[in-house]
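In case you want the letters, here they are:
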Amino acid sequence: MNPLRKSFEPRQAAFDDVTGRAAADRNSYWSPLVVSKATIDAEIQRLAELPKPANGRRESLIVHPMAPANAPGLAPGIQVKLSVLKPGESTAAFRHNATEVNFNIEGEGEVTVGDKTIRHRRYDVWNHPSFTPYVHRNTGKSLLARLTYSNVPLLQSMNVYLPEDVRADSDAVHVEQEEAHAADPARQSPFGMIPIGSDGGMLMPYETLINPTPAVSPTLHFPWQVVKGELDKLEALGSRYVGRRLYMMYNPLTTRFNGITPNFFATMTIRPPGIVDRPHRHVSAAINYYFKGRGFSNVAGNRYEWSEGDLMLSAPGWAVHNHASYDEQVYELTVQDQPLNIYMESLLWQEDMKLPAKLLGSSAGFDTNRAEVAA
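Residues numbered from 1 in each chain as written. Predicted model: local features only at pLDDT ≥ 70, side-chain atom pairs only at ≥ 80, totals over all residues. Heavy atoms only, no water.

Within an unreviewed UniProt entry, the label attached to the chain reads Cupin domain-containing protein, and the organism entered is Variovorax defluvii.

Shown next as structure tokens:
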């Protein structure tokens, strides 16, 4: 059977007459939830006791009960996957057209992404660019467990998610052929870019459309011990500081869209004992992993308790929320789909509930009083 051929049922488009109808908020807000450390630990042990599969990947998706069957995520556009490797084990090479944020929650290991190998320990963070083969290995003497955050559900909702197992040489580049194509005048537009009007609009020829300027998408490693040293300096700002004590792990590829991948930012936060954030909200969804300390979150008037080792969908899109620590220091990793929303010009953010929301990335954002406090 020809894999390029597909059978389609005859379909007919329909008109939905919305004449004079006010624009409606049809959002179905996913409820916040906490996945406890005990639940995660039990699943790690269950995966470890399974026979090793042919591809080496012992994995479970952590799925919200409101997720559609064709796009199982913990948030509408965010998949969270738990992966386990026993000592000495490795996975088969794999790639997909999704980007990833990986987070080591137990053990030590290494990952080879393309031609780069990263050795990682507990609470290290690293990213994976799209469609680049990778292999995970457990180089330690105990179980290796990690969480992977990806934009797979978004691609599945678009029906364009393309995963594949690959050979190590599958991406060999034929440089000579590419150079020959570049020098072939039949493959170049004789007209180039054509300005239209006086506002900067242009006509782009097909030859440029299908050959955009490449941008190197690097694999970046953020070792926890290095990040922790910088975070600990933020605790000294004291209770007068009105911002959140965090650092985003920045990938320069994302430019002004502020991410570790074009889809996600990943931040590490320190919360001193007894700190209560101001309520705020944003269009981007947030998933927190608390790996030290205890506290609670208020989300749209509902209180959720969390403690060390818990994973939480803490901010469904546009729900008012804030977080607080109890009597001990808290560390957490937060993943949000903020960069994607900035690029789409959809990132409404309300930092102070007494003031209007702003469209971040398209207008001036917010200030904190860090300079005043740190002076």
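Student: Before we go on, may I ask you to explain the overall build of the chain in this structure?
Tutor: When helices and strands are tallied, the chain shows seven helices and 25 strands. Against the 2.2 N^0.38 benchmark of 21 Å for 375 residues, the chain shows a C-alpha radius of gyration of 23 Å, consistent with a compact globule. Principal-axis analysis of the C-alpha atoms gives the chain an extent of 70 × 60 × 50 Å. Looking at the chain as a whole, 43% of its 375 residues are labelled buried. Taking all contacts inside the chain whose residues are at least 6 apart in sequence as the whole, residues at least 24 apart take part in 71%. In the structure as shown, the chain presents an accessible area of about 20,800 Å², 55% of it carried by carbon and sulfur atoms. Averaged over its 37 positive side-chain charges, the chain has a centre that lies 4 Å from the centre of its 41 negative ones. (Helix = DSSP H or I, 4+ residues; strand = E, 2+ residues; numbered from the N terminus. Rg over C-alpha atoms; globule rule 2.2 N^0.38 Å. Buried < 20%, exposed > 50% of the residue type's maximum accessible area, 1.4 Å probe, protein only. Contact = heavy atoms within 4.5 Å. Areas by Shrake-Rupley, 256 points an atom, 1.4 Å probe, with all protein chains shown as cover. Lys, Arg positive; Asp, Glu negative; His and termini not counted. Charge placed at Lys NZ, Arg CZ, Asp CG, Glu CD.)

Student: Where do I start with the side chain of Thr148 in this structure?
Tutor: Along the polypeptide, Thr148 turns up in strand E10 (residues 144-150). Within the local environment of Thr148, its side chain forms a polar contact with the side chain of Asn102, the two groups lying 2.8 Å apart. Setting aside residues no more than four positions away along its own chain, Thr148 makes contact with Gln79, Val80, Lys81, Glu100, Val101 and Asn102. (Polar contact = N/O pair within 3.5 Å; in protein donor to acceptor, adjacent residues only side chain to side chain.)

Student: Help me understand the sheet that holds strand E20 (residues 302-307) in this model?
Tutor: Strands in a sheet are paired, the pairing made by backbone hydrogen bonds, and the direction either parallel or antiparallel. Taken in spatial order, the three strands make up an open sheet running E20-E19-E22, and their pairing is antiparallel. Bordering the open sheet on either side are E20 and strand E22 (321-325), each of which pairs with just one other strand. Neighbour-to-neighbour, the strand axes of this sheet turn through a mean angle of 20 degrees, independent of strand direction. In this sheet, E22 lies alongside strand E19 (residues 294-299) in antiparallel orientation, the contact comprising five bridges. Within E22, the residue paired with Ser297 across the bridge is His323. (Pairing = 2+ DSSP bridges. Axes fitted to C-alpha atoms, helices over the stretch in contact; angles between N-to-C directions.)

Student: Just checking my understanding: could you explain the sheet that holds strand E24 (residues 348-350) for this structure?
Tutor: Strand order across the open sheet formed by three strands is E17-E24-E25, with antiparallel pairing between neighbours. A strand with exactly one partner marks an edge of an open sheet, and here the two such strands are strand E17 (281-282) and strand E25 (358-359). As paired elements, E24 and E25 share two bridges and run antiparallel to each other. Pairing of Trp349 across the sheet is with Lys358, part of E25.

Student: Which parts of the structure should I look at to understand the confidence of the model for the chain?
Tutor: Any residue range with low pLDDT should be treated as having predicted coordinates unsuitable for detailed reading. Put simply, the chain has an average pLDDT of 92, and 94% of its residues get 70 or more. Within the model, pLDDT remains below 50 along residues 172-177, and this stretch shows one contact once partners closer than five positions in the same chain are excluded. (pLDDT = per-residue confidence, 0-100.)

Student: Quick question: what am I supposed to make of the packing of aromatic side chains here?
Tutor: When we look at a pair of aromatic rings, we describe it by the centre distance and by the angle of the planes. By the definition in use, this model includes 13 aromatic pairs. Taking the centre distance of 5.0 Å and the plane angle of 65 degrees together, the rings of Phe257 and Tyr343 count as edge-to-face. Residue Phe257 is found in the loop between strand E15 (246-248) and strand E16 (265-271), and its partner Tyr343 is found in helix H6 (residues 338-343); the two are separated by 86 residues along the sequence. Using a relative accessible area of 16% as the deciding quantity, one classes Phe257 as buried. Residues Phe296 and Tyr326 carry aromatic rings whose centres are separated by 5.6 Å and whose planes lie at 45 degrees to one another, so their mutual orientation is tilted. Highlighted residues: Phe296 in strand E19 and Tyr326 in the loop between E22 and strand E23 (330-336), separated in sequence by 30 residues. Using a relative accessible area of 23% as the deciding quantity, one classes Tyr326 as partly exposed. Grouping aromatic residues by their ring pairs yields a cluster made of Phe103, Tyr123, Trp224, Tyr289, Phe291 and Tyr331. Lying across the ring of Phe296, Arg303 places its NZ or CZ 3.6 Å from the centre. Seen from the ring of Phe366, Lys358 lies directly overhead, with NZ or CZ sitting 5.0 Å from the centre. (Phe/Tyr/Trp six-rings, centres within 6.5 Å; stacked < 30°, edge-to-face > 60°. Lys NZ or Arg CZ within 6 Å of the ring centre and 35° of its normal.)

Student: Whenever I open this one, the pattern of salt bridges confuses me. Can you help?
Tutor: One side chain can pair with another of opposite charge once the charged atoms of both are near each other. With the rule as written, the count across this model stands at 17 salt bridges. Across the salt bridge formed by Glu164 and Arg95, the nearest N and O atoms sit 2.6 Å from each other. Residue Glu164 is found in strand E11 (residues 163-165), and its partner Arg95 is found in strand E4 (residues 94-96); the two are separated by 69 residues along the sequence. Exposure remark for Glu164: the relative accessible area of 31% places this residue in the partly exposed category. Its salt-bridge partner being Arg278, residue Asp352 comes within 3.6 Å of it at the nearest N-O pair. Of this pair, Asp352 sits in the loop between E24 and E25 while Arg278 sits in the loop between E16 and E17, placing them 74 residues apart in sequence. Arg278 sits in the partly exposed class, given a relative accessible area of 36%. A single salt-bridge network, built from bridges that share partners, covers Glu110, Arg119 and Arg137. (Salt bridge = Lys/Arg side-chain N within 4 Å of Asp/Glu carboxyl O.)

Student: Sorry, what's going on with the UniProt feature "domain: Cupin type-2" (unreviewed entry) in the chain here?
Tutor: Under the UniProt annotation, the feature "domain: Cupin type-2" (unreviewed entry) is placed at residues 83-142. Helix makes up 0% of residues 83-142 and strand 53%, with an end-to-end C-alpha separation of 14 Å. (UniProt positions renumbered as here; feature names shortened; annotations may be inferred.)

Student: Can you help me understand the environment of Gln45 in this one?
Tutor: Along the chain, the position of Gln45 falls in helix H1 (residues 37-48). It is 8.7 Å that separates the C-alpha atoms of Gln45 and Val84, two residues lying 39 residues apart in sequence.

Student: Explain H1 to me, please; I cannot follow it from the model alone.
Tutor: Quick reminder: α-helices carry 3.6 residues per turn. Residues three or four places apart thus point the same way. Its 12 residues give H1 an end-to-end C-alpha distance of 16 Å, which sits within 8% of 16 Å, the value for a rise of 1.5 Å per residue. Where H1 is concerned, the buried positions are Ile40, Ile44, Leu47 and Ala48. Seen from one end, H1 has its buried residues packed into an arc of 100 degrees, which puts them on one side. (Expected span 1.5 Å × (residues − 1). Arc of directions from axis to C-beta.)

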